[in-house]
Amino acid sequence: MKLFMVVNLRKNLIIFILTFFIIACGGSGADLNNRLDNLSISLSFSQGAIINLNQENTIDWNVQGDIKNTNCTASDDWSGEKGISGSETIPTQSFGQYTFTLTCQDLETNLTKSVDLFISGLSEQTEFVKPESVGLNSQKLLNAFDYAMRDGNYTQSVFLVKDGRYIDHKYRGILPSESSAISTSLLDIRSDDYLTRDSFSLVSSWSTGKSFTSILIGIAIDNGFIESIDESASVYIDEWANDERQKVTIRHLLDMRSGLVPMCGESGKTELFICNERLSNGGAFVFTDNQMDKCIDRPLAQVGASYPWFYADVYPKNAWLYSNCDTNVLGEIIFRATGKDLQIFADEVLFSKLNIDAYWWRDNANGGQADGNYLAYCCLDATPRDFIKFGQLILNNGIWSDERIVSEAYISTIKDIIITSQIGQISYGLKFWTISPGNMPDESVYPQENTLYATQGFDGQYIVIDFENNMIIGRNSLYYPMLDLSSERKMKISFEGSNYTATLPAGVGLFDNSNFWHQYYLYLINQAIE
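No experiment lies behind these values; they were computed from the predicted model shown.

### Focus on the sheet that holds strand E11 (residues 165-171)
Pairing is antiparallel in the open sheet, where eight strands are placed in the order E11-E10-E26-E25-E24-E21-E20-E19. Edge positions in the sheet fall to E11 and strand E19 (422-423), since each has one partner strand and no second. As paired elements, strand E10 (residues 155-162) and E11 share six bridges and run antiparallel to each other. From the neighbouring strand, Leu160 faces E11, where its bridge partner is Asp168. Lying over the sheet, helix H2 (residues 138-148) contacts E10 and E11, oriented at roughly 155 degrees with respect to E10.

Written out as structure tokens, the structure reads:
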């Protein structure tokens with residue numbers, strides 16, 4: 001087996017030397033050459049014990065003991081030299097943590113021993129590395145980014161992280177053909193609202209926000225505010241406690257299988273209503289001031305009945321149905337369980353931990369959670385880098401730097417949606433998707449079913465999590481935070497002006513479709529892996 005050592009780097013620690021014995025990688029001690037049993041590794045951290053921006057920290061390693069006919073190698077793709085001593089440099093973009101393995105081999109018997117070192121507590125880095133350093137072809141990656149940024153794709157940003165390292169990012173404002181379509185908008189916007197964009201420009205989540213809500217549910221469970229995802233939602237939504245709705249669990253809401261009728265909104269109507277046609281985009285809530293009360297008040301659908309909003313002839317028990325109300329109720333559960341609204345709770349247990357600034361939109365209700373109700377189903381504004389950090393948290397199995405943010409058990413439940421919550425060629429559960437397969441121009445299919453996990457939002461907001469290749473891929477569409485009525489992010493669409501998440505193209509009702517094809521973009525990135 002391997003010895004797994006955790007080393008925390010802290011400020012004010014100038015020189016830190018750790019000595020330990022490596023132990024067998026497979027087999028028993030009796031099977032190994034005695035020289036290996038007597039080896040120890042000394043590690044020293046040079047230049048202090050905290051990494052500052054734009055600097056690198058070097059680990060010097062030295063193997064001591066009976067070193068005759070012994071060779072040691074530091075693994076991964078770092079620049080270590082084979083032999084009995086060497087040095088390794090922690091990349092400056094290591095997302096607060098890094099792991100490497102030191103393996104020693106007896107050259108007479110070929111027996112080996114290994115030790116894993118997990119270095120944590122590193123300060124956040126901002127530099128980017130060359131794609132080749134993580135096994136990516138620069139030109140092919142450039143081709144993928146060029147495709148995403150084409151005129152007509154309405155892309156504001158693309159971002160790539162591999163092996164915990166920033167690889168590349170691109171940003172742009174509106175381009176000529178896109179600008180020419182602005183006049184068809186249903187809202188009072190101008191091309192000038194979407195000019196130059198950079199790494200500091202905000203993008204908006206739309207339904208990617210649902211995945212953030214899910215992680216907040218997991219954190220609330222970890223902190224004892226909620227018992228489990230199998231708990232009845234009626235423990236917190238007491239309006240459901242004395243009727244059949246008490247059978248609805250938090251897991252049902254997370255998986256979009258609540259069994260509750262869906263609610264819809266419509267321009268010119270002031271309240272949500274039971275949908276009267278096939279449900280799309282979760283219910284088009286944006287026209288409604290109070291987007292919470294009707295989500296709580298709605299009844300259960302009748303099993304075996306026919307409904308105009310359902311995609312089959314009859315409604316089966318706990319059928320999957322994409323409804324914004326299910327997620328909005330989760331936001332109310334967090335509020336009632338913790339005593340804190342979504343923004344405050346997220347700031348304390350998630351955003352501050354990841355060192356991100358994110359701004360959650362509210363509805364325009366009077367009262368509610370915080371002079372309006374936070375829109376748990378959507379509408380979180382942040383920079384592309386901050387959304388990428390969220391994806392990296394999932395890829396890290398819930399750890400950020402040296403701190404566990406959400407339990408590994410909760411992340412495992414998300415990964416298990418490919419077993420527990422398949423829907424045809426995709427899976428959906430705990431507010432995460434898998435990317436559906438697409439037919440590529442070369443007649444191949446990419447991705448394969450249930451291999452890429454993702455958050456997905458209206459107008460093509462993506463955080464794609466590739467566990468197999470240790471990658472996070474981000475893409476966001478052009479965005480303008482429309483704040484005509486006030487500086488507060490309270491959603492209101494009106495002829496007098498609007499406060500609204502004005503993404504392009506569909507978010508503002510352009511008579512133009514985006515040409516962006518997300519499966520093809522992901523395929524091009526995959527083709528860059530060498």
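### A few points about the packing of aromatic side chains
Following the criterion strictly, the structure yields 32 aromatic pairs and no others. Between Phe145 and Tyr521, the ring centres sit 6.4 Å apart and the planes meet at 40 degrees, which makes this aromatic pair tilted. Separated by 376 residues along the polypeptide, Phe145 in helix H2 and Tyr521 in helix H12 (residues 518-527) bring together distant segments of the chain. The burial state of Phe145 is the same as that of Tyr521; both residues are buried. Here Tyr147 and Tyr520 contribute two aromatic rings whose centre-to-centre distance is 5.0 Å and whose plane-to-plane angle is 85 degrees, an arrangement assigned as edge-to-face. Taken together, the residues span a long stretch of sequence, with Tyr147 in helix H2 and Tyr520 in helix H12 at a distance of 373 residues.

### Some thoughts on the packing of helix H4 (residues 208-222) against helix H8 (residues 342-354)
It is at 11 Å that the axes of H4 and H8 come closest, and there the two elements cross at 70 degrees. Judged by the angle between their axes, H4 and H8 are roughly perpendicular. Taking contact as the criterion, the partners of Phe212, Thr213, Ile215, Leu216, Ile219 and Ala220 in H4 are, on H8, Leu342, Phe345, Ala346, Val349, Leu350 and Phe351. Taken together, the residues of the contact of H4 with H8 sort by class into 11 nonpolar, one polar and no charged.

### Some details on the sheet that holds strand E12 (residues 203-204)
Taken together, three strands build an open sheet; the order of strands is E12-E16-E15 and the sheet is antiparallel. Two strands in the sheet have a free side with no partner beyond their single neighbour: E12 and strand E15 (359-360).

### What to know about the side chain of Thr213
One can find Thr213 in helix H4. Among the polar contacts listed, one links the side chain of Thr213 to the backbone oxygen of Ala376, at a separation of 2.8 Å.

### So, the pattern of salt bridges
Summed over all chains, the structure comprises 18 salt bridges. Note that Arg336 and Glu239 form a salt bridge whose closest N and O atoms lie 2.9 Å from each other. Taken together, the residues span a long stretch of sequence, with Arg336 in helix H7 (residues 324-338) and Glu239 in the loop between H4 and helix H5 (250-254) at a distance of 97 residues. Note on Arg336: relative accessible area 30%, which makes it partly exposed. In this structure Glu239 comes out as partly exposed when scored by relative accessible area, which is 34%. When salt bridges with common partners are traced through the structure, they connect Asp238, Glu239, Glu332 and Arg336 into a single cluster.

### Details of the pairing of strand E26 (residues 471-477)
Each regular strand displays side chains that alternate between the two surfaces of the sheet. Of all the seven residues making up E26, seven are buried; the element is thus mostly covered by neighbouring parts of the structure. What you see with E26 is no split at all: Met471, Ile473, Arg475 and Ser477 on one side and Ile472, Gly474 and Asn476 on the other are buried throughout. The sheet contact formed by E10 and E26 spans seven bridges and is antiparallel. For Lys162, the partnering residue across the bridge sits in E26 and is Met471. Bridge count between strand E25 (residues 461-466) and E26: five bridges; the pairing is antiparallel. Across the sheet, the residue bridging to Tyr462 is Arg475, located in E26.

Quick notes on the rules
Residues numbered from 1 in each chain as written. Predicted model: local features only at pLDDT ≥ 70, side-chain atom pairs only at ≥ 80, totals over all residues. Heavy atoms only, no water. Pairing = 2+ DSSP bridges. Helix = DSSP H or I, 4+ residues; strand = E, 2+ residues; numbered from the N terminus. Contact = heavy atoms within 4.5 Å. Axes fitted to C-alpha atoms, helices over the stretch in contact; angles between N-to-C directions. Phe/Tyr/Trp six-rings, centres within 6.5 Å; stacked < 30°, edge-to-face > 60°. Buried < 20%, exposed > 50% of the residue type's maximum accessible area, 1.4 Å probe, protein only. Parallel < 35°, antiparallel > 145°, perpendicular 65-115°, else oblique. Nonpolar A, V, L, I, M, F, W, Y, C, P; charged D, E, K, R; others polar. Polar contact = N/O pair within 3.5 Å; in protein donor to acceptor, adjacent residues only side chain to side chain. Salt bridge = Lys/Arg side-chain N within 4 Å of Asp/Glu carboxyl O.

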